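Descriptive structure summary
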Amino acid sequence: MSITFEHVTKRFDRTVLDDCTLHFADGKITALLGESGRGKTTVLRLLAGLEKPDSGTVRTCGKIAMLFQEPRLFPALTALENVRLVQPQHDRAAALAALRICRAEALADKRPAEMSGGERQRVALARLLAFDGDILLLDEPFSALDAATKAHVILNLRPHLAGKTVVLVTHSAEEAALADIRIELA
């Protein structure tokens, strides 16, 4: 489980990252903070292999799971079915446990169209947990949650991230408190 992110430059219509080197400690949670447009999501997309750097080195070693800003659930499937998709044996008990961690067990039989945005986001987070990756890339995972639900999910989530390398993009100081390391992208 290691990440190398050295001297990375990435341009779109403008330069988003310019000779950027970041250090992500194995088995730790790193929060990427900064104003909109500073390259936080681009860093995640580069780590996931969804984008290629214009220059520099991006390498990951380990099983990667990514949670996007939008939930990306399969609309024809229930919450439980969406979570079970990522498990080799499609284990119902493990999927329910992941939903419970995210305070979403009551949604098990609902389809995404029957859920609020925050409910869909919690189901997507449960799916990420069920995948059991070594490297977890989380792009604003709590942005659609109300304050009470966010606090509950963050509290329950922490033990399940132990030993995993996590990169968390957030604008929230409360969410960044979940992290061991904080990096401000300027």
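For the structure, check the block above.
Residues numbered from 1 in each chain as written. Predicted model: local features only at pLDDT ≥ 70, side-chain atom pairs only at ≥ 80, totals over all residues. Heavy atoms only, no water.

Turning to the side chain of lysine 150, a few remarks are in order. You can see lysine 150 is positioned in helix 5 (residues 147-157). The exposure class of lysine 150 is buried, given its relative accessible area of 12%. Ignoring sequence-local partners within four residues, the contact set of lysine 150 consists of Phe142, Leu145, Ser172, Glu174 and Glu175. (Helix = DSSP H or I, 4+ residues; strand = E, 2+ residues; numbered from the N terminus. Buried < 20%, exposed > 50% of the residue type's maximum accessible area, 1.4 Å probe, protein only. Contact = heavy atoms within 4.5 Å.)

Let us now look at unusual backbone geometry. Phi at arginine 103 takes a positive value of approximately 55°, unusual for a residue other than glycine. With respect to the helices, strands and loops of the structure, arginine 103 is situated in the loop between helix 3 (92-101) and helix 4 (117-131). We note that glutamate 140 has phi near 50°; this positive angle belongs to a residue other than glycine. Positionally, glutamate 140 belongs in the loop between strand 6 (135-139) and helix 5.

Summed over the entire model, instances satisfying the criterion amount to seven salt bridges. A salt bridge links arginine 72 to glutamate 70; the nearest nitrogen and oxygen atoms lie 2.7 Å apart. With relative accessibility at 37%, the residue glutamate 70 sits in the partly exposed group. (Salt bridge = Lys/Arg side-chain N within 4 Å of Asp/Glu carboxyl O.)

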